[in-house]
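# Structural features, examined
Chain by chain, the residues:
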Amino acid sequence: MKASDILDNATFMPFTAPPCSNGPYEFFDREYFIITYRTDPEKLRAIVPESLQITDDALVSYEFIRMPNSTGFGNYTESGQVIEVIDAEGRHANYTHCMFLDDFGPTAGGRELWGFPKKMASPVLTVDNTDTLLGTLDYGSVRVATGTMAYKYDELDKATVKANMEKTPNYLLKLIPHVDGTPRICELVRYYLTNVEVKAAYTGPATLQLFDHVMAPVSKLPVLEIVKTSHIIANLTLALGEVAVDYIADAQARPDSNFQ
């Protein structure tokens, strides 16, 4: 195999059987259960990367997302935490802190392409006892998160939900090491959701419990107060990303930096 053949077909590893396609990535009937809560601002400051700032309210969204029909990634579920931030342009934005999935393809593809902080686990989103939206996350045999919300309790304005989903920039910290263990890629990546069609949107009373686990430390951002909730079903396209900050290049450009 020639080098040109490798370059012409280089997408994801392994080369001969990549775990997912190269996009575009469209999602149909993507279902979100989102519980937004106030947490400890000092804990947020310790994990939000430079050029992003936490909001005054110190808000985190805990998400359970069901994706039954997606191009390139298939049928899967994920769960994790997204932090509300202000970006360098002064816009309200989202920074994804951690994600847990039950399918290897989008786990590997999301990490390698955008830098999504994904790990394998067992998230579930379902309707329980006919009247309760239930989200759970198990890491191995241990329960890590449980969220409940009154099912289809109060309707949200679909146009407002659509506008917020499309206009909000989303940020990720992409880290890929060199073969000697030093940083090869260390970037803040930005992406958007496009072609959003909101099919249903609801809010209602909710609860959220987070439990300690060393390999899934979602409880390190404790729930102090639930401030809003949403249950959304939508079609959308997950757009490819762009580099917002190249931390390695910026460090190398500073005369006082020791980074090589």
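The structure displayed is predicted, hence computed values, not measured ones.

Moving on to the packing of aromatic side chains. For any pair of aromatic rings, geometry is given as the distance between the ring centres together with the angle between the planes. Tallying each qualifying case throughout the model produces nine aromatic pairs. A centroid spacing of 6.5 Å and a plane angle of 85° characterise the contact between Phe-73 and Tyr-76, whose relative ring orientation is edge-to-face. Both residues of the pair, Phe-73 and Tyr-76, count as buried. By the ring-pair criterion, three or more aromatic residues cluster together here, those being Tyr-25, Phe-73, Tyr-76, Trp-114, Phe-116 and Tyr-191. Against the face of Phe-27 rests Arg-30, its NZ or CZ located 4.5 Å from the ring centre. Seen from the ring of Phe-116, Lys-118 lies directly overhead, with NZ or CZ sitting 4.9 Å from the centre.

Side chains of Met-1, Ile-6 and Phe-15 sit close together on the surface and give an oily, nonpolar patch of about 310 Å² of accessible area. Locating Phe-15 in the fold gives a position in the loop between helix H1 (3-8) and strand E1 (25-38). Taking relative accessible area as the criterion, Phe-15 reaches 34% and is therefore assigned partly exposed.

Across a regular strand the side chains alternate sides, sitting on one face of the sheet and then on the other. Among the 14 residues that make up E1, 10 are buried, leaving the element largely enclosed by the rest of the structure. Bridge analysis of E1 against strand E15 (residues 225-238) gives 12 bridges, and the strand direction is antiparallel. Of the residues in E15, the one forming a bridge with Tyr-37 is Ile-226. Looking at chain direction, E1 and strand E3 (residues 59-70) are connected through 10 bridges and run antiparallel.

Attention now moves to the nonpolar core. Counting residues in hydrophobic clusters, the biggest one holds 37 residues, and the most contacted among them are Tyr-62, Ile-83 and Phe-100. Per element, the largest residue contribution to this core is four residues, and it comes from strand E5 (residues 92-101). Not counting the four nearest positions on each side in its chain, Phe-100 is found in contact with Thr-77, Glu-78, Ser-79, Lys-119, Ala-121, Pro-123, Leu-137, Tyr-139, Met-215, Ala-216 and Val-218. Ranked by size, the runner-up nonpolar core spans 27 residues in total, among them Phe-27, Trp-114, Phe-116 and Val-196.

This next bit is on the sheet that holds strand E8 (residues 132-139). Reading across from one edge, E7-E8-E9-E14 is the order of the four strands in this open sheet, with antiparallel pairing throughout. The outermost strands of the open sheet, each flanked by one partner alone, are strand E7 (122-128) and strand E14 (206-210). Pairwise comparison of adjacent strand axes, ignoring direction, gives a mean angle of 10° for this sheet. Bridging between E7 and E8 involves seven bridges; their strand directions are antiparallel. Looking at the pairing, Thr-126 lines up with Leu-134 of E8.

Turning to the state of the cysteines, a few remarks are in order. With the rule as written, the count across this model stands at zero disulfides. This cysteine, Cys-98, is not joined by any disulfide, and Cys-186 carries the nearest cysteine sulfur, 18 Å off. What makes Cys-98 buried here is its relative accessible area of 12%.

This next bit is on helix H3 (residues 104-113). The periodicity of an α-helix, 3.6 residues per turn, causes residues three or four positions apart to be oriented the same way. Buried within H3 we find Gly-105, Pro-106, Thr-107, Ala-108, Gly-109 and Gly-110. The elements touched by buried residues of H3 are strand E4 (74-86), E5 and strand E6 (118-120). Where H3 starts, the residue carrying a side-chain oxygen 3.5 Å from the main-chain nitrogen of Gly-105 turns out to be Asp-103. Where H3 ends, the next residue or the one after it, Gly-115, has phi of about 100°, a positive value.

How each quantity is defined
Residue numbers restart at each chain and count upward from 1, following the sequence in its written direction. Reporting in this predicted model follows two pLDDT cut-offs: at least 70 for local features of residues, and 80 or more for side-chain atom pairs to be given and counted; totals over whole chains, interfaces and linings ignore these cut-offs and use all residues. Where side-chain values are given, they derive from all heavy atoms of the structure, hydrogens and water being excluded. Stacked, tilted and edge-to-face are the three classes applied to pairs of Phe, Tyr and Trp rings, where Trp contributes its six-membered ring and a pair requires centres within 6.5 Å; stacked means planes under 30 degrees apart, edge-to-face means over 60, and tilted covers the rest. Per-residue accessibility, obtained with a 1.4 Å probe over protein chains only, is compared with the maximum for each type, and a residue is labelled buried under 20%, exposed over 50%, and partly exposed between these values. Remark: a charge is flagged as sitting over a ring if the NZ atom of Lys or the CZ atom of Arg is within 6 Å of the ring centre and within 35 degrees of the ring normal. Exposure above 30% relative accessible area and the lack of any salt bridge qualify a residue for a patch; like charges then connect within 9 Å, and the nonpolar side chains Val, Leu, Ile, Met, Phe, Trp and Tyr within 5 Å. Each accessible area is a Shrake-Rupley result for a 1.4 Å probe, and residues are judged covered by the shown protein chains and nothing else. Counted as salt bridges are all cases of a side-chain nitrogen of Lys or Arg within 4 Å of a carboxyl oxygen of Asp or Glu. Under the DSSP-based scheme used, a helix requires at least four consecutive residues in state H or I and a strand at least two consecutive residues in state E, with every element numbered from the N terminus. Paired strands are those between which DSSP finds at least two bridges. Residue types Ala, Val, Leu, Ile, Met, Phe, Trp, Tyr and Cys, when buried and joined through side-chain atoms within 4.5 Å, form a set referred to as a nonpolar core. In this analysis, two residues are considered to be in contact whenever any of their non-hydrogen atoms come within 4.5 Å of each other. Angles run from 0 to 180 degrees between N-to-C directions of axes, and those axes are lines fitted to C-alpha atoms, restricted for helices to the stretch in contact. A pair of sulfur atoms, both from cysteines and within 2.5 Å, is called a disulfide here. Polar contacts here mean pairs of N or O atoms no more than 3.5 Å apart (in protein, one a potential hydrogen donor and the other a potential acceptor; neighbouring residues in sequence count only if both atoms are side-chain atoms).

Keep in mind these values describe shape, not function.
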